[in-house]
Amino acid sequence: MEQREEVFDRVYRMYGPALYRFCLMQMKNAADAEDVMQEVFVKRLYQAPPFQTAEHERRWLFRVALNQCRDEWKRGCRRELPLEAAALVAVPEPERALLEQVAALPEKLRTVIHLHYCEGYSQQEIASLLGITVSAVKMRMKRGREALRSSWEGAE
């Protein structure tokens with residue numbers, strides 16, 4: 001059986017960067033994203049169920065991260081800083097502009113866009129992860145893409 005330190009090291013190496021990007025997109029603030037990450041890893045170490053596969057563990061972590069982000073937003077007004085403030089994320093300038101526009105989307109749209117395009121989840125997997133229908137995922141993705149398209153066209 002793995003010791004907690006081994007579990008932490010393994011999980012952080014495998015999922016840490018992707019989870020951090022996800023939390024940063026949700027929280028729009030590096031410090032808040034780090035706080036959420038800490039809570040997610042504490043829950044992974046002390047409250048996680050046994051996982052059948054690595055993908056099962058990954059889905060569980062993203063679900064916990066999303067719930068933790070939502071809890072943080074409910075607790076009160078969070079500070080928002082531009083994504084450049086996140087020194088730990090090295091993103092080329094053109095991608096940063098797109099990420100900032102994705103981060104500006106409403107939470108429901110931002111979440112499905114990020115999970116699909118950044119984390120590689122299918123529409124079915126996103127529906128399962130978020131507890132919504134596939135058609136709801138498709139509609140949110142459509143609306144998110146339309147909003148991004150509008151913002152890009154408005155910037156030209």
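Here the structure is a predicted model, which means the values were calculated and not measured. (Residues numbered from 1 in each chain as written. Predicted model: local features only at pLDDT ≥ 70, side-chain atom pairs only at ≥ 80, totals over all residues. Heavy atoms only, no water.)

(A) Structural detail: the state of the cysteines. This structure, assessed with the given rule, holds 0 disulfides. The thiol of C69 is unpaired, and the distance to the nearest cysteine sulfur, on C23, comes to 4.3 Å. (Disulfide = S-S within 2.5 Å.)

(B) Main features of the confidence of the model for the protein. On average, residues of the protein score 84 in pLDDT, and 85% of them reach the 70 mark or higher. Highest mean pLDDT in the protein belongs to helix α6 (residues 123–130) (92); lowest belongs to helix α4 (residues 93–103) (75). (pLDDT = per-residue confidence, 0-100. Helix = DSSP H or I, 4+ residues; strand = E, 2+ residues; numbered from the N terminus.)

(C) Here's a closer look at the packing of aromatic side chains. Summed over all chains, the structure comprises 6 aromatic pairs. For the pair Y12 and F41, a centre-to-centre distance of 5.6 Å together with 50° between the ring planes defines the contact as tilted. Placement of the pair is Y12 in helix α1 (residues 4–27) and F41 in helix α2 (residues 30–46), with a sequence separation of 29 residues. Judged by its relative accessible area of 42%, Y12 is partly exposed. With a centroid separation of 5.4 Å and an interplanar angle of 75°, the aromatic rings of F22 and F62 are classed as edge-to-face. Residue F22 is located in helix α1, and its partner F62 is located in helix α3 (residues 54–75); the two are separated by 40 residues in the primary sequence. Taken together, the aromatic side chains of F8, Y12 and F41 make up a single cluster linked through ring pairs. (Phe/Tyr/Trp six-rings, centres within 6.5 Å; stacked < 30°, edge-to-face > 60°. Buried < 20%, exposed > 50% of the residue type's maximum accessible area, 1.4 Å probe, protein only.)

(D) Inspection of the pattern of salt bridges at higher detail. Counted by the stated rule, this structure contains 8 salt bridges. Here the salt bridges share partners, and the residues they tie into one network are R10, R44 and E57. (Salt bridge = Lys/Arg side-chain N within 4 Å of Asp/Glu carboxyl O.)

(E) Structural context of α1. For α1, with 24 residues, the first-to-last C-alpha span of 27 Å runs short of the 34 Å given by 1.5 Å per residue. Remark: the principal bend of α1, roughly 60°, maps to Y15, with a proline, P17, within the next four residues. Remark: K28 follows α1 within two positions and exhibits a positive phi of approximately 60°. (Expected span 1.5 Å × (residues − 1). Bend = angle between axes of the 7 residues up to and from the residue.)

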